[in-house]
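Tertiary structure, described
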Amino acid sequence: MICDNITAAAGRLRFAGRDAGELARQYGTPLYLMDEGRLRQNCRVYRESMSAHFSRALPLYASKALSCRRVYEIVAEEGLGADVVSAGEIAMTKSAGFPMEKVFFHGSAKTDEEIAYAMDSGVGVFILDNPEELRAVERLAGERGLRQRVLLRLTPGIDPHTFEAVATGKVDSKFGQSIETGQAMAFTLSALDAPHIDLRGFHAHVGSQVFDSAVFYDTAGIMLRFMADVRAQTGYEAEMLNLGGGYGVRYVESDPHVDIAAEIASVAARVRSLCGELGLSEPMVLMEPGRSIVADAGMTLYTVQAVKTIPGYRRYVSIDGGMTDNPRYALYRSAYTVLAAEHMGEESDGVYTVAGRCCESGDMVQEEVALPPLKRGDILAVCTTGAYNHSMASCYNAVPRPPIVMIDGERDYVAVRRETAEDLLRREM
Ligand SMILES: *Cc1c(COP(=O)(O)O)cnc(C)c1O
(Lines give C-alpha, C1' and ligand atoms only; values in the text may rest on other atoms or scores of the structure.)
Protein backbone atom coordinates (compact mmCIF):
# COMPACT_ATOMS: atom_id res chain seq x y z
CA MET A 1 0.00 0.00 0.00
CA ILE A 2 1.10 3.58 -0.52
CA CYS A 3 1.20 4.30 3.21
CA ASP A 4 1.52 1.93 6.16
CA ASN A 5 -1.67 3.22 7.81
CA ILE A 6 -3.62 1.59 4.93
CA THR A 7 -4.08 -2.18 5.11
CA ALA A 8 -6.57 -4.79 3.98
CA ALA A 9 -7.85 -7.96 5.61
CA ALA A 10 -10.56 -10.37 4.47
CA GLY A 11 -11.47 -8.13 1.54
CA ARG A 12 -11.98 -5.05 3.72
CA LEU A 13 -9.99 -1.83 3.77
CA ARG A 14 -8.57 -0.64 7.06
CA PHE A 15 -7.34 2.89 7.69
CA ALA A 16 -5.41 3.75 10.85
CA GLY A 17 -6.38 0.27 12.04
CA ARG A 18 -10.12 0.84 11.57
CA ASP A 19 -12.62 -0.67 9.13
CA ALA A 20 -13.29 1.99 6.50
CA GLY A 21 -16.69 0.60 5.44
CA GLU A 22 -17.95 0.65 9.04
CA LEU A 23 -16.82 4.26 9.52
CA ALA A 24 -18.58 5.20 6.27
CA ARG A 25 -21.83 3.71 7.54
CA GLN A 26 -21.44 5.21 11.01
CA TYR A 27 -20.78 8.80 9.86
CA GLY A 28 -22.23 8.81 6.34
CA THR A 29 -20.40 9.85 3.18
CA PRO A 30 -18.67 11.76 1.77
CA LEU A 31 -16.41 11.59 4.79
CA TYR A 32 -12.93 12.86 5.52
CA LEU A 33 -10.97 10.66 7.91
CA MET A 34 -7.81 11.87 9.65
CA ASP A 35 -5.35 9.54 11.36
CA GLU A 36 -4.28 11.50 14.43
CA GLY A 37 -1.34 9.21 15.17
CA ARG A 38 0.03 9.67 11.70
CA LEU A 39 -0.42 13.44 11.87
CA ARG A 40 1.52 13.57 15.15
CA GLN A 41 4.22 11.28 13.80
CA ASN A 42 4.68 13.50 10.73
CA CYS A 43 5.07 16.54 13.00
CA ARG A 44 7.66 14.71 15.11
CA VAL A 45 9.78 13.73 12.13
CA TYR A 46 10.25 17.42 11.30
CA ARG A 47 10.65 18.63 14.87
CA GLU A 48 13.09 15.93 15.94
CA SER A 49 15.22 15.86 12.83
CA MET A 50 15.39 19.64 12.53
CA SER A 51 16.39 20.07 16.16
CA ALA A 52 18.93 17.24 15.85
CA HIS A 53 20.65 18.61 12.76
CA PHE A 54 20.41 22.41 12.80
CA SER A 55 21.90 24.53 15.59
CA ARG A 56 18.58 26.36 15.88
CA ALA A 57 15.43 25.44 13.99
CA LEU A 58 11.65 25.52 13.98
CA PRO A 59 9.29 23.69 11.65
CA LEU A 60 6.18 25.67 10.77
CA TYR A 61 3.06 23.83 9.68
CA ALA A 62 1.86 25.49 6.45
CA SER A 63 -1.72 25.37 7.57
CA LYS A 64 -3.38 26.17 4.27
CA ALA A 65 -2.99 22.42 3.63
CA LEU A 66 -5.65 21.73 6.27
CA SER A 67 -6.81 24.47 8.57
CA CYS A 68 -9.20 23.56 11.35
CA ARG A 69 -9.07 24.12 15.09
CA ARG A 70 -8.30 20.52 16.04
CA VAL A 71 -5.36 20.31 13.67
CA TYR A 72 -3.93 23.59 15.05
CA GLU A 73 -4.26 22.17 18.57
CA ILE A 74 -2.41 18.99 17.65
CA VAL A 75 0.32 20.85 15.77
CA ALA A 76 0.81 23.19 18.76
CA GLU A 77 1.03 20.20 21.12
CA GLU A 78 3.73 18.75 18.88
CA GLY A 79 5.77 21.95 19.23
CA LEU A 80 5.54 23.28 15.68
CA GLY A 81 4.79 26.86 14.66
CA ALA A 82 2.23 27.66 11.97
CA ASP A 83 2.03 29.58 8.74
CA VAL A 84 -1.23 31.41 8.12
CA VAL A 85 -2.35 33.42 5.10
CA SER A 86 -5.53 35.20 6.13
CA ALA A 87 -7.48 36.71 9.00
CA GLY A 88 -9.62 33.57 8.91
CA GLU A 89 -6.65 31.31 9.61
CA ILE A 90 -5.46 33.72 12.33
CA ALA A 91 -8.90 33.49 13.96
CA MET A 92 -8.64 29.70 13.89
CA THR A 93 -5.17 29.69 15.48
CA LYS A 94 -6.46 31.99 18.23
CA SER A 95 -9.46 29.83 18.86
CA ALA A 96 -7.15 26.79 19.12
CA GLY A 97 -5.04 28.58 21.74
CA PHE A 98 -2.06 28.43 19.41
CA PRO A 99 1.03 30.25 20.78
CA MET A 100 0.70 33.38 18.62
CA GLU A 101 4.41 34.22 18.75
CA LYS A 102 4.96 31.06 16.69
CA VAL A 103 2.47 32.15 14.00
CA PHE A 104 3.96 33.42 10.73
CA PHE A 105 1.72 35.53 8.51
CA HIS A 106 2.14 34.94 4.78
CA GLY A 107 0.41 36.25 1.68
CA SER A 108 1.05 38.50 -1.30
CA ALA A 109 -2.05 40.67 -0.85
CA LYS A 110 -2.58 41.28 2.85
CA THR A 111 -5.17 43.99 3.49
CA ASP A 112 -4.79 46.79 6.08
CA GLU A 113 -7.59 45.17 8.08
CA GLU A 114 -5.78 41.82 8.13
CA ILE A 115 -2.46 43.44 9.05
CA ALA A 116 -4.10 45.31 11.94
CA TYR A 117 -5.93 42.19 13.10
CA ALA A 118 -2.71 40.15 12.98
CA MET A 119 -0.84 42.77 15.02
CA ASP A 120 -3.64 43.03 17.56
CA SER A 121 -3.68 39.22 17.80
CA GLY A 122 0.04 39.09 18.60
CA VAL A 123 1.09 37.25 15.45
CA GLY A 124 4.84 36.69 15.84
CA VAL A 125 6.31 37.27 12.42
CA PHE A 126 5.02 38.79 9.20
CA ILE A 127 6.50 37.44 5.99
CA LEU A 128 6.51 40.56 3.87
CA ASP A 129 5.96 40.08 0.17
CA ASN A 130 6.21 43.51 -1.46
CA PRO A 131 7.12 47.19 -0.82
CA GLU A 132 3.49 48.36 -0.52
CA GLU A 133 2.90 45.84 2.22
CA LEU A 134 6.12 46.91 3.95
CA ARG A 135 4.85 50.51 4.03
CA ALA A 136 1.47 49.43 5.38
CA VAL A 137 3.07 47.33 8.13
CA GLU A 138 5.44 50.19 9.01
CA ARG A 139 2.50 52.61 9.31
CA LEU A 140 0.21 50.25 11.28
CA ALA A 141 3.04 49.17 13.61
CA GLY A 142 3.93 52.85 14.15
CA GLU A 143 0.31 53.64 15.10
CA ARG A 144 0.55 50.87 17.71
CA GLY A 145 3.97 51.88 18.97
CA LEU A 146 5.47 48.49 18.20
CA ARG A 147 8.29 47.08 16.11
CA GLN A 148 6.92 44.24 14.04
CA ARG A 149 9.20 41.26 13.48
CA VAL A 150 9.35 40.35 9.81
CA LEU A 151 11.00 38.12 7.23
CA LEU A 152 11.19 39.20 3.60
CA ARG A 153 9.95 36.82 0.94
CA LEU A 154 12.44 36.50 -1.89
CA THR A 155 12.38 34.58 -5.15
CA PRO A 156 15.69 32.83 -5.64
CA GLY A 157 15.02 32.10 -9.33
CA ILE A 158 14.76 28.33 -9.15
CA ASP A 159 12.51 26.16 -11.26
CA PRO A 160 11.85 23.14 -9.08
CA HIS A 161 10.92 20.92 -12.04
CA THR A 162 7.46 20.43 -10.68
CA PHE A 163 4.10 21.23 -12.18
CA GLU A 164 3.82 24.85 -13.39
CA ALA A 165 0.92 25.85 -11.13
CA VAL A 166 2.78 24.85 -7.96
CA ALA A 167 6.16 26.36 -8.90
CA THR A 168 6.70 29.61 -7.02
CA GLY A 169 10.45 30.25 -6.79
CA LYS A 170 11.10 31.35 -10.38
CA VAL A 171 11.88 34.98 -11.20
CA ASP A 172 8.51 35.27 -12.93
CA SER A 173 6.35 34.68 -9.86
CA LYS A 174 3.55 36.56 -8.19
CA PHE A 175 5.27 35.92 -4.85
CA GLY A 176 8.14 37.87 -3.30
CA GLN A 177 10.97 39.99 -4.62
CA SER A 178 13.54 38.65 -7.05
CA ILE A 179 17.21 38.46 -6.08
CA GLU A 180 18.30 38.42 -9.72
CA THR A 181 16.62 41.71 -10.63
CA GLY A 182 17.97 43.62 -7.62
CA GLN A 183 14.48 44.08 -6.19
CA ALA A 184 15.28 41.85 -3.21
CA MET A 185 18.23 44.05 -2.19
CA ALA A 186 16.17 47.23 -2.56
CA PHE A 187 13.40 45.62 -0.46
CA THR A 188 15.96 44.72 2.22
CA LEU A 189 17.35 48.25 2.35
CA SER A 190 13.83 49.68 2.80
CA ALA A 191 13.10 47.21 5.61
CA LEU A 192 16.35 48.11 7.39
CA ASP A 193 15.42 51.80 7.11
CA ALA A 194 11.91 51.43 8.53
CA PRO A 195 11.84 52.25 12.27
CA HIS A 196 8.86 50.03 13.11
CA ILE A 197 10.10 47.02 11.15
CA ASP A 198 12.31 44.52 12.96
CA LEU A 199 13.94 42.58 10.13
CA ARG A 200 14.84 39.07 11.28
CA GLY A 201 15.74 37.38 8.02
CA PHE A 202 14.60 35.97 4.73
CA HIS A 203 12.17 33.49 3.28
CA ALA A 204 11.94 31.51 0.06
CA HIS A 205 9.48 28.82 -0.97
CA VAL A 206 10.37 27.16 -4.20
CA GLY A 207 7.75 24.55 -4.87
CA SER A 208 5.57 21.71 -3.79
CA GLN A 209 5.56 17.94 -4.16
CA VAL A 210 9.38 18.05 -4.24
CA PHE A 211 11.10 14.67 -4.01
CA ASP A 212 14.67 15.87 -4.21
CA SER A 213 16.61 17.94 -1.66
CA ALA A 214 18.65 19.42 -4.52
CA VAL A 215 15.98 22.14 -4.64
CA PHE A 216 16.65 22.96 -0.98
CA TYR A 217 20.43 22.90 -1.50
CA ASP A 218 20.06 25.39 -4.34
CA THR A 219 17.66 27.57 -2.36
CA ALA A 220 19.94 27.57 0.68
CA GLY A 221 22.95 28.40 -1.48
CA ILE A 222 21.28 31.35 -3.21
CA MET A 223 19.73 32.68 0.00
CA LEU A 224 22.93 32.40 2.07
CA ARG A 225 24.92 34.11 -0.68
CA PHE A 226 22.33 36.89 -0.68
CA MET A 227 22.64 37.15 3.12
CA ALA A 228 26.41 37.48 2.73
CA ASP A 229 25.89 40.24 0.12
CA VAL A 230 23.53 42.07 2.45
CA ARG A 231 26.09 41.87 5.23
CA ALA A 232 28.84 43.17 2.95
CA GLN A 233 26.66 46.08 1.83
CA THR A 234 25.00 47.04 5.12
CA GLY A 235 26.64 45.20 8.00
CA TYR A 236 23.29 43.54 8.81
CA GLU A 237 23.49 39.79 9.41
CA ALA A 238 20.15 37.99 9.20
CA GLU A 239 19.40 35.55 11.99
CA MET A 240 16.59 33.54 10.37
CA LEU A 241 16.47 31.65 7.11
CA ASN A 242 13.16 30.13 6.07
CA LEU A 243 13.57 27.52 3.33
CA GLY A 244 9.85 27.01 2.66
CA GLY A 245 7.91 23.79 2.34
CA GLY A 246 7.34 21.25 -0.25
CA TYR A 247 8.57 17.71 0.41
CA GLY A 248 6.44 15.35 -1.64
CA VAL A 249 4.10 12.61 -0.53
CA ARG A 250 3.07 9.36 -2.19
CA TYR A 251 -0.27 9.58 -3.92
CA VAL A 252 0.27 6.48 -6.08
CA GLU A 253 2.59 3.47 -5.99
CA SER A 254 4.89 4.97 -8.62
CA ASP A 255 5.64 8.05 -6.47
CA PRO A 256 9.01 7.83 -4.72
CA HIS A 257 9.22 7.58 -0.95
CA VAL A 258 10.94 10.57 0.70
CA ASP A 259 12.93 9.85 3.87
CA ILE A 260 12.33 13.29 5.36
CA ALA A 261 14.61 12.80 8.37
CA ALA A 262 17.51 11.84 6.10
CA GLU A 263 16.78 14.70 3.71
CA ILE A 264 16.75 17.22 6.55
CA ALA A 265 20.08 15.89 7.81
CA SER A 266 21.56 16.45 4.36
CA VAL A 267 20.10 19.96 4.02
CA ALA A 268 21.52 20.84 7.46
CA ALA A 269 24.97 19.60 6.45
CA ARG A 270 24.76 21.72 3.31
CA VAL A 271 23.68 24.83 5.23
CA ARG A 272 26.54 24.35 7.69
CA SER A 273 29.19 24.02 5.01
CA LEU A 274 27.82 26.99 3.03
CA CYS A 275 27.85 29.14 6.16
CA GLY A 276 31.45 28.09 6.72
CA GLU A 277 32.41 29.04 3.16
CA LEU A 278 30.68 32.41 3.38
CA GLY A 279 31.85 33.18 6.91
CA LEU A 280 28.26 33.54 8.15
CA SER A 281 27.13 32.36 11.55
CA GLU A 282 24.52 29.63 11.14
CA PRO A 283 21.03 31.16 11.07
CA MET A 284 17.99 29.71 12.75
CA VAL A 285 16.45 27.58 10.00
CA LEU A 286 12.71 27.37 9.43
CA MET A 287 10.93 24.95 7.12
CA GLU A 288 7.26 25.06 6.24
CA PRO A 289 5.85 21.63 5.48
CA GLY A 290 2.15 21.49 4.70
CA ARG A 291 1.33 18.51 2.53
CA SER A 292 3.86 16.17 4.13
CA ILE A 293 2.33 16.83 7.58
CA VAL A 294 -1.29 16.05 6.73
CA ALA A 295 -1.65 14.36 3.33
CA ASP A 296 -1.08 10.73 4.26
CA ALA A 297 -3.00 11.20 7.52
CA GLY A 298 -6.15 11.65 5.42
CA MET A 299 -8.56 9.48 3.45
CA THR A 300 -11.93 10.29 1.87
CA LEU A 301 -14.80 7.83 1.68
CA TYR A 302 -17.63 8.03 -0.85
CA THR A 303 -20.68 5.97 -1.73
CA VAL A 304 -21.14 4.80 -5.30
CA GLN A 305 -24.42 6.10 -6.77
CA ALA A 306 -24.30 4.78 -10.33
CA VAL A 307 -22.12 2.86 -12.75
CA LYS A 308 -22.45 3.65 -16.43
CA THR A 309 -20.76 1.92 -19.34
CA ILE A 310 -20.75 3.67 -22.70
CA PRO A 311 -20.03 0.82 -25.12
CA GLY A 312 -16.87 1.49 -27.08
CA TYR A 313 -15.95 4.45 -24.82
CA ARG A 314 -15.56 4.22 -21.11
CA ARG A 315 -17.05 3.34 -17.80
CA TYR A 316 -18.06 5.94 -15.26
CA VAL A 317 -18.59 5.38 -11.57
CA SER A 318 -20.52 8.29 -10.04
CA ILE A 319 -19.95 9.12 -6.38
CA ASP A 320 -21.68 11.34 -3.82
CA GLY A 321 -18.81 13.87 -3.73
CA GLY A 322 -16.08 15.05 -6.08
CA MET A 323 -14.69 18.48 -6.94
CA THR A 324 -16.56 20.09 -4.05
CA ASP A 325 -14.56 18.10 -1.49
CA ASN A 326 -11.48 17.45 -3.67
CA PRO A 327 -10.91 19.87 -6.54
CA ARG A 328 -7.32 18.76 -7.15
CA TYR A 329 -7.94 16.50 -10.14
CA ALA A 330 -10.06 19.17 -11.82
CA LEU A 331 -7.37 21.80 -11.10
CA TYR A 332 -4.11 19.92 -11.63
CA ARG A 333 -4.93 16.41 -12.89
CA SER A 334 -3.51 15.17 -9.57
CA ALA A 335 -3.01 11.44 -9.23
CA TYR A 336 -4.77 9.54 -6.44
CA THR A 337 -5.11 5.93 -5.37
CA VAL A 338 -8.75 4.80 -5.35
CA LEU A 339 -9.79 1.60 -3.57
CA ALA A 340 -13.05 -0.34 -3.23
CA ALA A 341 -13.28 -0.39 0.55
CA GLU A 342 -15.32 -3.58 0.86
CA HIS A 343 -13.97 -5.45 -2.16
CA MET A 344 -10.25 -5.37 -1.48
CA GLY A 345 -8.23 -7.93 -3.38
CA GLU A 346 -11.03 -8.66 -5.86
CA GLU A 347 -10.01 -8.77 -9.46
CA SER A 348 -10.59 -5.65 -11.54
CA ASP A 349 -12.98 -5.92 -14.49
CA GLY A 350 -11.42 -2.91 -16.23
CA VAL A 351 -10.78 0.78 -15.72
CA TYR A 352 -13.25 3.38 -14.48
CA THR A 353 -13.53 7.14 -14.48
CA VAL A 354 -14.46 8.20 -10.96
CA ALA A 355 -16.87 11.07 -11.58
CA GLY A 356 -18.12 13.62 -9.06
CA ARG A 357 -21.71 14.70 -8.53
CA CYS A 358 -21.47 18.30 -9.77
CA CYS A 359 -22.98 19.70 -12.95
CA GLU A 360 -19.56 20.12 -14.49
CA SER A 361 -17.99 17.69 -16.96
CA GLY A 362 -14.57 18.36 -15.43
CA ASP A 363 -15.77 17.15 -12.05
CA MET A 364 -13.74 13.98 -11.76
CA VAL A 365 -11.67 12.56 -8.96
CA GLN A 366 -9.58 10.22 -11.12
CA GLU A 367 -9.57 8.56 -14.53
CA GLU A 368 -8.41 5.11 -15.65
CA VAL A 369 -8.65 3.50 -12.25
CA ALA A 370 -8.65 -0.28 -12.11
CA LEU A 371 -11.49 -1.35 -9.80
CA PRO A 372 -13.52 -4.52 -9.24
CA PRO A 373 -17.16 -4.64 -10.50
CA LEU A 374 -19.09 -1.96 -8.58
CA LYS A 375 -22.72 -1.21 -7.82
CA ARG A 376 -24.77 1.47 -6.10
CA GLY A 377 -24.05 1.47 -2.37
CA ASP A 378 -20.42 0.33 -2.59
CA ILE A 379 -17.88 2.41 -0.68
CA LEU A 380 -14.94 3.95 -2.51
CA ALA A 381 -11.88 5.25 -0.68
CA VAL A 382 -9.55 7.91 -2.06
CA CYS A 383 -6.20 7.81 -0.26
CA THR A 384 -3.82 10.60 0.81
CA THR A 385 -6.47 13.33 0.88
CA GLY A 386 -5.40 15.05 4.11
CA ALA A 387 -3.82 18.01 2.28
CA TYR A 388 -5.57 20.56 0.07
CA ASN A 389 -8.91 18.75 0.11
CA HIS A 390 -10.97 20.08 3.02
CA SER A 391 -9.10 23.38 2.82
CA MET A 392 -9.95 23.76 -0.88
CA ALA A 393 -13.50 22.44 -0.61
CA SER A 394 -16.41 24.52 -1.88
CA CYS A 395 -20.16 24.27 -1.68
CA TYR A 396 -20.70 24.50 -5.42
CA ASN A 397 -24.16 23.23 -6.37
CA ALA A 398 -24.99 23.91 -2.70
CA VAL A 399 -23.41 20.59 -1.81
CA PRO A 400 -22.58 20.75 1.91
CA ARG A 401 -18.98 20.05 2.89
CA PRO A 402 -18.16 16.70 4.55
CA PRO A 403 -17.17 16.33 8.19
CA ILE A 404 -13.66 15.58 9.42
CA VAL A 405 -13.58 12.52 11.67
CA MET A 406 -10.37 11.96 13.60
CA ILE A 407 -9.18 8.44 14.38
CA ASP A 408 -7.06 8.06 17.46
CA GLY A 409 -6.47 4.35 18.06
CA GLU A 410 -9.77 2.81 19.12
CA ARG A 411 -11.38 6.23 19.56
CA ASP A 412 -12.98 8.22 16.75
CA TYR A 413 -14.45 11.70 17.06
CA VAL A 414 -15.83 14.50 14.92
CA ALA A 415 -13.41 17.45 14.64
CA VAL A 416 -15.51 19.36 12.09
CA ARG A 417 -19.14 18.41 11.68
CA ARG A 418 -20.91 17.91 8.37
CA GLU A 419 -22.19 21.13 6.82
CA THR A 420 -25.97 21.38 6.56
CA ALA A 421 -28.48 23.21 4.37
CA GLU A 422 -29.07 25.54 7.36
CA ASP A 423 -25.36 26.40 7.38
CA LEU A 424 -25.60 27.28 3.70
CA LEU A 425 -28.64 29.48 4.33
CA ARG A 426 -27.17 31.23 7.37
CA ARG A 427 -25.61 34.09 5.39
CA GLU A 428 -28.77 34.93 3.49
CA MET A 429 -30.54 38.10 4.63
C1 LIG B 1 1.98 26.11 0.27
C2 LIG B 1 3.17 26.63 0.95
C3 LIG B 1 3.93 25.79 1.75
C4 LIG B 1 3.62 24.33 1.94
O5 LIG B 1 3.85 23.59 0.79
P6 LIG B 1 3.63 22.01 0.84
O7 LIG B 1 3.87 21.55 -0.54
O8 LIG B 1 2.22 21.79 1.27
O9 LIG B 1 4.61 21.46 1.83
C10 LIG B 1 5.00 26.33 2.43
N11 LIG B 1 5.31 27.65 2.31
C12 LIG B 1 4.60 28.48 1.52
C13 LIG B 1 5.00 29.89 1.42
C14 LIG B 1 3.52 28.00 0.81
O15 LIG B 1 2.83 28.83 0.03
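A few points about the nonpolar core
Core analysis: the biggest nonpolar cluster contains 102 residues, and Phe126, Phe202 and Leu380 have the highest contact counts within it. Broken down by element, this core gets its largest block of residues, 9 residues, from helix H8 (residues 214-234). If near-sequence neighbours (up to four positions away) are discounted, Leu380 is found in contact with Thr300, Leu301, Tyr302, Val304, Val317, Ile319, Val338, Leu339, Ala340, Val354, Leu371 and Leu374. Listed in part, the 21 residues of the second largest apolar core include Leu23, Ala24, Leu31 and Leu339.

A few points about the pattern of salt bridges
Going through the model one piece at a time under the given rule, you end up with 27 salt bridges. With a shortest N-O distance of 2.7 Å, Arg314 and Glu367 are connected by a salt bridge. Of this pair, Arg314 sits in the loop between strand S14 (298-309) and strand S15 (315-319) while Glu367 sits in strand S18 (residues 364-370), placing them 53 residues apart in sequence. Since its relative accessible area comes to 33%, Arg314 is described here as partly exposed. On the accessibility criterion, Glu367 (22% relative accessible area) is partly exposed. Salt bridges sharing partners connect three or more residues here, namely Glu36, Arg40, Arg44, Arg70, Glu73, Glu77 and Glu78.

Here's the deal with the packing of helix H5 (residues 112-120) against helix H6 (residues 131-144)
Packing of H5 against H6 leaves a shortest axis separation of 10 Å and a crossing angle of 45°. Taken together, H5 and H6 sit at an angle that is classed as oblique. You can see that H5 and H6 cross each other, and the crossing is right-handed. Across the interface between the two elements, Asp112, Ile115, Ala116, Met119 and Asp120 from H5 touch Glu133, Ala136, Val137, Arg139, Leu140, Ala141 and Arg144 from H6. For the contact of H5 with H6, a count of residues per class yields 7 nonpolar, no polar and 5 charged.

Topic: the state of the cysteines
What the rule picks out here adds up to 0 disulfides. Free cysteine: Cys3, not disulfide-bonded; nearest cysteine sulfur from Cys383 at 9.0 Å.

Focus on the packing of aromatic side chains
Scanning all chains against the criterion turns up 5 aromatic pairs. Seen in terms of ring centroids, Phe105 and Phe126 are 5.4 Å apart; in terms of plane orientation they differ by 70°. Their pairing is edge-to-face. Of this pair, Phe105 sits in strand S7 (residues 103-105) while Phe126 sits in strand S8 (residues 125-128); the two residues are 21 residues apart in sequence, bridging distant segments of the chain. Both residues of the pair, Phe105 and Phe126, count as buried. Look at Tyr251 and Tyr336: their rings are 5.3 Å apart centre to centre, the planes differ by 80°, and that puts the pair in the edge-to-face class. With a gap of 85 residues between them, Tyr251 in the loop between strand S12 (240-242) and helix H9 (260-278) and Tyr336 in the loop between helix H11 (328-332) and strand S16 (338-340) connect regions that are remote in the sequence. For the residue pair Tyr251 and Tyr336, the accessibility class agrees, reading buried in each case.

Quick word on the sheet that holds strand S3 (residues 18-19)
Judged by pairing direction, the sheet is antiparallel, and its 3 strands sit side by side in the order S1-S2-S3 without closing on themselves. Of all strands in the sheet, those bounded by a partner on one side alone are strand S1 (6-9) and S3.

Comments concerning H6
Residues spaced three or four apart along an α-helix face the same direction, because each turn holds 3.6 residues. With 14 residues, H6 extends 20 Å between its outermost C-alpha atoms, agreeing within 8% with the 20 Å of an ideal straight helix rising 1.5 Å per residue. Considered for burial, the residues of H6 that qualify are Glu133, Leu134, Ala136, Val137, Glu138, Leu140 and Ala141. Next to the buried residues of H6 lie H5, S8, strand S9 (148-155), helix H7 (183-193) and strand S11 (197-203). Of the residues flanking the end of H6, it is Gly145, one or two places downstream, whose phi is positive at about 65°.

Remarks on the site of the ligand
Around the ligand, the surrounding shell holds 14 residues, and the nearest of these are Lys64, Ser208, Glu288, Arg291 and Tyr388. Here an oxygen atom of the ligand and a backbone polar atom of Gly246 are 2.9 Å apart. At a separation of 2.7 Å, a nitrogen atom of the ligand approaches a polar side-chain atom of Glu288. Isolated, the ligand exposes 390 Å² of accessible area, and the fraction of that covered by the protein chains is 92%. Of the residues in the shell around the ligand, the class split is 3 nonpolar, 7 polar and 4 charged.

Considering the side chain of Thr385
Mapped onto the secondary structure, Thr385 falls in the loop between strand S19 (379-383) and strand S20 (404-408). Judged by relative accessible area, Thr385 falls into the buried class, the value being 3%. A distance of 3.3 Å separates a polar atom in the side chain of Thr385 from the backbone nitrogen of Met299. Dropping the residues within four chain positions of it, Thr385 is found in contact with Ala295, Gly298, Met299, Thr300, Asn326 and Tyr336.

Side note on the environment of Asp320
Of note, Asp320 is situated in the loop between S15 and H11. Spatially, the C-alpha atom of Asp320 lies 6.6 Å from that of Gln305, the residues being 15 residues apart in sequence. Once residues lying within four places of it in the same chain are set aside, the contact partners of Asp320 are Thr29, Pro30, Tyr302, Thr303, Gln305 and Arg357. Within the structure, Asp320 has its side chain in polar contact with the side chain of Thr29 (distance 2.5 Å). Separated by 2.9 Å, the side chain of Asp320 and the backbone nitrogen of Thr303 make a polar contact.

The rules behind the values
- Residues numbered from 1 in each chain as written.
- Predicted model: local features only at pLDDT ≥ 70, side-chain atom pairs only at ≥ 80, totals over all residues.
- Heavy atoms only, no water.
- Core = buried A, V, L, I, M, F, W, Y, C linked by side-chain atoms within 4.5 Å.
- Buried < 20%, exposed > 50% of the residue type's maximum accessible area, 1.4 Å probe, protein only.
- Helix = DSSP H or I, 4+ residues; strand = E, 2+ residues; numbered from the N terminus.
- Contact = heavy atoms within 4.5 Å.
- Salt bridge = Lys/Arg side-chain N within 4 Å of Asp/Glu carboxyl O.
- Axes fitted to C-alpha atoms, helices over the stretch in contact; angles between N-to-C directions.
- Parallel < 35°, antiparallel > 145°, perpendicular 65-115°, else oblique.
- Left-handed = near helix turned anticlockwise from the far one by under 90°.
- Nonpolar A, V, L, I, M, F, W, Y, C, P; charged D, E, K, R; others polar.
- Disulfide = S-S within 2.5 Å.
- Phe/Tyr/Trp six-rings, centres within 6.5 Å; stacked < 30°, edge-to-face > 60°.
- Pairing = 2+ DSSP bridges.
- Expected span 1.5 Å × (residues − 1).
- Near = heavy atom within 4 Å.
- Polar contact = N/O pair within 3.5 Å; in protein donor to acceptor, adjacent residues only side chain to side chain.
- Areas by Shrake-Rupley, 256 points an atom, 1.4 Å probe, with all protein chains shown as cover.

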